[in-house]
Structure formats: structure tokens, C-alpha cells
Amino acid sequence: MSGFEVFLDPNTQWILMGSILLGLSSGVLGSFAYLRKQSLMGDALAHAALPGVCIAFMITGTKSILFFLIGAAVAGILATFAIGFITRNTRIKQDSALGIILSVFFGFGIVLLTQIQHSESGNQSGLDKFLFGQAASMVQSDVNTMMVISLFLITMCILFFKEFKLLSFDPGFARGLGFPVAFLDQLLMFLIVVAVVVGIQAVGVVLMASLLITPAVAARYWTERLGVMVVLSGLFGLISGFLGTWVSTMAHHLPTGPLTVLAATIIFILSVLFAPKRGVIAKVLLRKAVRKEVLMNKAQCKGNGMNHVKEGKVG
Amino acid sequence: MNDFWIIFTGALVAASCSLVGCFLVLRRMAMVGDAISHSVLPGIVIAFLISGSRDSVALMLGASILGLVTVFLIQMFQNSGVQSDASIGVVFTALFSVGIVLVSLYTRDIDLDLDCVLYGEIAYVPWNTVEILGVTLPKSVWSVGGALLVGLFLIGLFYKQFKVCSFDPAMAAAIGIPVAFFHYLLMGLVSMTTVASFESVGAILVVGMLVVPPATAYLLTERLGVMIVLSIIIGILSSVMGYYLAYLLDASIAGCMISVAGGLFVLAVLFSPSHGVLAKKWMRRKALQDL
């Protein structure tokens, strides 16, 4: 298959649809995470999902995606509670708490994984696929689940836009106005957990983090308004999902996840370079313009000063 | 003897990671270790493609270069106004993706096992020996031990500077310490330690040992020197106990070592005499009674 023929294949259409929605919803959620300085939460949660998936497999004994999703979500929610508990009740800061939860949960997951390997139902190939992610291997029912959940995430973000906005910029003020800040905080975490869990099977553990971070950081370069940033970030995520899946379908052996992340990274680099006001090129141009202006003013002042001296008006 | 080498390697990794990890925890950069251990992948693949062998000197060189590039890029984006955690996230996921794409493009038929790179297995340590100066030791003991010695030497030499830079960079700058230089020196140490360790014991053990023992020690003391010593002891303790746990359960050694470290951390969170949750509750109750 080459070029645009791939779009005619119904299977590809489904997968494209799924990736686009996944990119869109994680981009939207990511901008809130970015403003709340929780960008690496996605990375920690994606790793923390491993023991959940293993326990789900040990209990049910089947490689059903649904049970994996439930296990991963439960582990993810536990992880957010643990991170919250550590940062609230001890003097350990958020970054260390994230690192601790990420490595301890993942390490525990590896212990469980070796237990599964050693037990008689030793075939854990499905687990591998789930953890490293390959969108092309998804079947239509997976894509359906992904689409429904993505739409749910986007709807929630639209419904709670005002609350999340307040939470991102001034949680103290939000508490003062009587908003249930702790609940909203946990709700936002829950939405991120859901996005991560759904995203893992499409792009894999490590790279899911990127979909929550990169589009949001890129969007931040273009605007100072949250509404615009959320829309842009969603759009960047959507484009990355589309490009990643498209290139992956054309070149058969290339995995979807890394390509999606690379697409997002290219958008990020373009933003760093070309964004108005904050971009590198805009800054260089501005500096040049300012220097020119200053030099001109200086010259003018000098000229004026000379005139003043001549006319004896100084002093 | 094999048991000894595995435990010894684990203890070396724990000690060298805890040493630099203390400064990362204090400087709120705990996730840098995680970032470096992922972003060195393209360096390893490129070194492999150029040298055509799995000779570990070339691979380590490639990894080290990428480690420094990662640190540099993170700092660059941070300086241009991106939040520090977000710049870490953008950089390491991008580099990791480049690595995976390179692997799938070029090494499909060649034996470069991704699992081995990312989840290097500490159980194989005793069988991979190298002879240097007439002494035959497991390769990992050479590399991690070397990293530990370099770390001890540099941190011992510049202990005061590192200390001031971690607690009060503004003051450090004011009294004339080259803050940027010590930042890059620390990051270089982190990068070296990570690269030296993860090839033999797996990325996740390194990431865990960089954060968990220092954070545990952070809850137990107010003094930096004590914190470093404590975190090294806790790290070594976790690797010894983790090994025996793995032996009992017949499970992944690295996974068990981190799980034990996690268990010790939970104990510290609950029972630390100065910062534990229970101690704080008890002190609050006592304060109320006194009232």
C-alpha cells in the first residue's frame, strides 16, 4: 500500500480514527497537567500500570483487553493516591514521589511478571504487546473502546473547563470560592489515568507520557490563553496521532508509538522556532529590532544633545 | 561465589546511585535518572551500527554522549521557559522514539536485544568477566565500581560546593561558586552512573536506586552528610535483602531489590521519628494534651 490508498482500507480507517481521538484527548488533558506542573505524571502512571495488568492476568487467567484495562486503571488510581499521600504528608517533593512510585510499582510488576513466566500458564506474549503498544495490532473492538473513552474524556474536559482552569491557575482561590478542590484534583488525575491506560496499548508505556506532554508544551509557545492552548494542544495531538499512524501503515515494520511521538516532537521543534513572541526566531528578530531602535535613539539623543549644547539650553 | 558477585554488584549500584541520587532529590530533579536511562537508547543503537559489534566500550561511549546531550537539551529548554518536568519529558520521549525507530529500521535481523538493553539482567553478572591489570572480575564490578570511585572522589573533593548549590543556588552564585559548572558536573556524574549501571542491571533498578534510598534517608535526618551515608546503607541493605527475597520467590532479582527498597521507604514514611506520619500524629496529639 502506498500514499493515499491506505485511507480506503476500512481497517486502517478505524485505527486512524482511534489514534486521532487518542491524540486529541491526551493533548487536551495534557495542557491541564502541564499548567499544574504534573507533566511527568503520565510517565509514572504508565509504568505503575504494570502490576495491575499482571494481577488482572493472574486472577482471570485470560488475555482479555478489558480486564487488563481495569487492572491498569486500578493500579493507576492507587498510584495517584500514593503520590498524593507522599507529597501531602511528608516533606518529599512531587518529583521524588513520582520517581519512587514509578520505580517501585514497576519493579513489583516485574516480580509479578517473572512469577507469571514461571507458572504453567507461562505464555505472556499478549502482556508484552499490551505494554509496548502497537496500534496496527488493535482489532475493531479495541478501537471502539478507545473511541468511546476518548470522547468521554473530551466531554469531561469541556464540561469541567471552568473548574479545571481555576484549579490550574489558583487552587487557593478556588477553595476560597467553595469549589471542592480535592475532588476536582482527583477527578483530573482520574481522567489522566484513563487516558494513559487507553493509550498504552496504542503507543506503549514510555511513549504514552509523551502524548500528554509534548503537544501541550508546543501549544504553550503559541498563546497566553488557556482556551486557545487547550484547542491547539488537542489539535497538535490529533495531527501527531494521524501522521504517526499513517506513516506506520505505509512502512510496515515501523511501530506506531515512536512515529507518533516523533511527529509531536517535530511540531514542538517548529513551535520553538517559529512561534510568535516566544519562539526563537521571533526573539532574535525582536532583539535586533530593539537594538536598532536603541542605537537610533542614541544617535538621535547625541544629535539633539549637540544641538542643545550649541543653543546653550543644557543645564 | 556467584551469589556474592550478584549481591556485590547490586550493592555497588545501590551505593553509586544513592550517592548522586541524594543531590537529585534535594534539587528536585529526581526524574532525570529515568530520563537518561531511556534517552541513551539512540546512542547505543548508533554506536552499534557504527562499530558493528556489541563490544560494550563503544556502546557505553555512545550512551554517555547521549546522556550528556539529554542533560544539555533539558537545561536548554528549561532556560527558554519550559517547566523543568515538561522539558525532561519532551526530551527523553523524543530521543527514546528515535532509538526505537532506528532499532526497527536497521537492526531487524541483527541480534541487539531491546530487552537486554532496557532490562539488563543482574543474574548474568558473574558470567561476564573482564581481566584488567591481571585481575579478573565481572565486567559490571569494573564499570559500576569505577563509577562509584569517580563519584566519591568528585563529591568528596567539591562537597561544600555541591552542598551550597543544592540548598541555595542563589547564595552559591553570590559567593562566587560557578553554579552552572557544578550543575553540569553533577549531571555528568548522574549520566555516568546511570550508563555504567544500567547495562548490567537494567534501567529500572538504576532509576529506583537513584530515588528511593535517598528519599528514605531524607525522611530520617536533617544533615546532608548523614543523609548520604544513610541512603548508601539503605541501598546496600535493599540489594542484599532483595537478592534473598528473589531467591526465595524465584523471581526477578532487580524487581525484588526495588520492592524491598520500596518497603523500607514505606516503613520510613510511617515510622520515621522526626518526619514519619505516625510521629507527626503523636506529636500533634501531645501538643493538644499540653494545651
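Draft legend 1. Structural context of the overall build of chain B. The helix and strand inventory of chain B stands at 14 helices and two strands. Within chain B, buried positions represent 58% of all 291 residues. Across chain B, every contact between residues at least 6 apart in sequence was considered, and the portion connecting residues at least 24 apart equals 70%. Summing over all exposed atoms, chain B offers an accessible surface of approximately 12500 Å²; the carbon and sulfur share of this is 69%.

Draft legend 2. Geometry of helix H5 (residues 84–106) of chain B. Over its 23 residues, H5(B) extends 33 Å from the first C-alpha to the last, a length consistent with the 33 Å expected when each residue adds 1.5 Å. The element H5(B) is largely enclosed, with a buried count of 19 among its 23 residues.

Draft legend 3. Region of interest: unusual backbone geometry. The residue Lys277(A) is not glycine, and still its phi comes out positive at about 70°. Here Lys277(A) falls in the exposed class, since its relative accessible area comes to 72%. Of note, Asp250(B) is a non-glycine position whose phi angle comes to about 55°, a positive value. Using a relative accessible area of 47% as the deciding quantity, one classes Asp250(B) as partly exposed.

Draft legend 4. Summary view of the packing of helix H10 (residues 179–201) of chain B against helix H11 (residues 203–218) of chain B. Residue and element names in this part refer to chain B. Contact geometry of H10 with H11 gives a least axis separation of 7 Å together with a crossing angle of 135°. Viewed along their axes, H10 and H11 adopt a mutual orientation that is oblique. Each of Thr194, Ser197, Phe198 and Val201 in H10 lies in contact with H11, whose residues at this interface are Ala203, Leu205, Val206 and Leu210. Considered class by class, the residues forming the contact of H10 with H11 number six nonpolar, two polar and no charged.

Draft legend 5. The environment of Gly241(A), seen in detail. Residue and element names in this part refer to chain A. In this structure, Gly241 sits in helix H11 (residues 226–250). Look at Gly241 and you get buried, because its relative accessible area is 3%. In contact with Gly241, other than residues within four places in its own chain, are Ser19 and Thr260.

Draft legend 6. Highlighting helix H10 (residues 205–220) of chain A. Maximal helix bending in H10(A) amounts to about 25°, located at Leu211(A); proline Pro215(A) follows within four positions. Burial of H10(A) is extensive: 16 of the 16 residues sit out of reach of the surface.

Draft legend 7. The environment of Pro214(B), seen in detail. Residue and element names in this part refer to chain B. For Pro214, the position within the fold is in helix H11. A relative accessible area of 0% places Pro214 in the buried class. Here the alpha-carbon distance between Pro214 and Ala30, two residues 184 residues apart in the chain, equals 9.9 Å. Dropping the residues within four chain positions of it, Pro214 is found in contact with Ser18, Gly21, Cys22, Val25, Met209, Met227 and Ser231.

Draft legend 8. How the structure looks around the interface of chain B and chain A. On the side of chain A, 50 residues touch chain B, which itself brings 54 residues to the contact. Summed over both sides, the interface of chain B with chain A buries roughly 4400 Å², with 72% coming from carbon and sulfur. Viewed at the interface, chain A and chain B are joined by one salt bridge. The residue Arg91(A) makes a salt bridge to Glu222(B) at a minimum N-O spacing of 3.6 Å.

Draft legend 9. Spatial organisation of the nonpolar core. Leu29(A), Tyr34(A), Phe164(A), Val196(A), Val217(A), Phe268(A) and Phe265(B) are the most contacted members of the largest nonpolar core, which totals 181 residues. For this core, the leading source of residues is helix H9 (residues 181–203) of chain A, giving 16 residues. Leave out the neighbours within four places in its chain, and Leu29(A) touches Leu153(A), Cys157(A), Leu188(A), Leu191(A), Ile192(A), Ala195(A) and Leu212(A). If you look at the next biggest cluster of nonpolar residues, it comprises five residues, including Leu21(A), Val143(A), Met147(A) and Ile154(A).

Draft legend 10. Quick look at the side chain of Ser166(B). Its place among the elements puts Ser166(B) in helix H8 (residues 159–167). If sequence neighbours within four positions are ignored, Ser166(B) has contacts with Phe23(B), Leu26(B) and Arg27(B).

Draft legend 11. Highlighting the confidence of the model for chain B. Residue and element names in this part refer to chain B. Averaged over all residues, the pLDDT of chain B equals 84, while 88% of them reach at least 70. Mean pLDDT values over the elements of chain B span from 51, in helix H6 (residues 114–118), up to 92, in helix H12 (residues 224–249). Scoring of the predicted complex yields 0.86 for pTM and 0.89 for ipTM.

Draft legend 12. The arrangement of the packing of helix H2 (residues 32–39) of chain B against H11(B) in detail. All names here are of chain B. It is the contact of H2 with H11, at a shortest axis distance of 9 Å, that shows an interaxial angle of 160°. For the element pair H2 / H11, the angle class is roughly antiparallel. Crossing angle aside, the handedness with which H2 passes H11 is right-handed. Note on element contacts: H11 touches H2 through Ala203, Val207 and Leu210, opposite Gly33, Asp34 and Ser37. In terms of residue class, the contact of H2 with H11 is built from three nonpolar, two polar and one charged.

Draft legend 13. How the structure looks around the state of the cysteines. Here the structure, examined in full by the defined rule, presents zero disulfides over all chains. Free cysteine Cys54(A): the closest other cysteine sulfur is in Cys256(B), separated by 13 Å. The exposure class assigned to Cys54(A) is buried, which follows from its relative accessible area of 0%.

Draft legend 14. Main features of the side chain of Arg36(A). Residue and element names in this part refer to chain A. Locating Arg36 in the fold gives a position in the loop between helix H1 (10–35) and helix H2 (41–60). With a relative accessible area of 18%, Arg36 lands in the buried category. At 2.5 Å, the side chain of Arg36 and the side chain of Asp185 are in polar contact. Beyond its immediate sequence surroundings of up to four residues, Arg36 is in contact with Leu167, Ser168, Asp185 and Leu188.

Draft legend 15. Region of interest: a nonpolar patch on the surface. All names here are of chain A. A cluster of nonpolar side chains, contributed by Trp222, Ile266, Ile269, Leu270, Leu273, Phe274, Val280, Ile281, Val284 and Leu285, occupies part of the molecular surface with about 880 Å² of accessible area. For the nonpolar patch, the secondary-structure elements that each account for two or more residues are helix H12 (256–274) and helix H13 (280–311). Ranked by residues supplied to the nonpolar patch, first place goes to H12 with five residues. Following the sequence through the fold, Leu285 ends up in helix H13. A residue is classified by how much of its surface remains accessible, and Leu285, at 53% relative accessible area, is exposed.

What counts and what doesn't
- In every chain, residue numbers begin from 1 and rise along the written sequence.
- Here every chain gets a letter starting at A, and every ligand a number starting at 1, in the order they are written.
- Since the coordinates come from a predicted model, pLDDT governs what is reported: local features require at least 70, and pairs of side-chain atoms require 80 or more to be given and counted, while whole-chain, interface and lining totals use all residues.
- Excluding hydrogens and water, the side-chain values take into account all heavy atoms of the structure.
- Elements are defined by DSSP. Helices are runs of H or I of four residues or more, strands are runs of E of two residues or more, and each kind is numbered from the N terminus.
- Residue exposure (1.4 Å probe, protein chains only): buried if accessible area is under 20% of the type maximum, exposed if over 50%, otherwise partly exposed.
- Between two residues, a contact is recorded if the distance between any of their heavy atoms is within 4.5 Å.
- Note on areas: Shrake-Rupley with a 1.4 Å probe; residue coverage comes only from the protein chains shown.
- Each helix should span, by expectation, one fewer than its residue count multiplied by 1.5 Å.
- In this description, a line fitted to the C-alpha atoms serves as the axis of each element, helices being fitted only across the stretch in contact, and the angle between N-to-C directions of two axes falls anywhere from 0 to 180 degrees.
- For classification, angles of less than 35 degrees are called roughly parallel, those exceeding 145 degrees roughly antiparallel, those between 65 and 115 degrees roughly perpendicular, and all remaining angles oblique.
- Note on residue categories: nonpolar means Ala, Val, Leu, Ile, Met, Phe, Trp, Tyr, Cys or Pro, charged means Asp, Glu, Lys or Arg, and polar means any other residue, Gly included.
- Consider a residue and the seven residues that end there alongside the seven that start there; fitting an axis to each set, the bend is the angle between those axes.
- In this description, buried area is defined as the sum, over both parts, of the accessible area (probe of 1.4 Å) that is lost when the two are combined.
- Basic side-chain nitrogens of Lys or Arg form a salt bridge, by our definition, when they fall within 4 Å of a carboxyl oxygen of Asp or Glu.
- The criterion is simple. A nonpolar core is a set of buried Ala, Val, Leu, Ile, Met, Phe, Trp, Tyr and Cys residues joined through side-chain atoms within 4.5 Å.
- pLDDT is a per-residue confidence score from the predictor, ranging from 0 to 100.
- Left-handed describes a crossing whose near helix is turned anticlockwise from the far helix by less than a right angle; the clockwise case is right-handed.
- We call a pair of cysteine sulfur atoms a disulfide when they lie within 2.5 Å.
- Polar contacts, as used here, are pairs of N or O atoms within 3.5 Å; protein pairs need one atom able to donate a hydrogen and one able to accept it. Residues neighboring in sequence count only if both atoms are side-chain atoms.
- Candidate patch residues must exceed 30% relative accessible area and have no salt bridge, after which like charges are joined if within 9 Å and Val, Leu, Ile, Met, Phe, Trp or Tyr side chains if within 5 Å.

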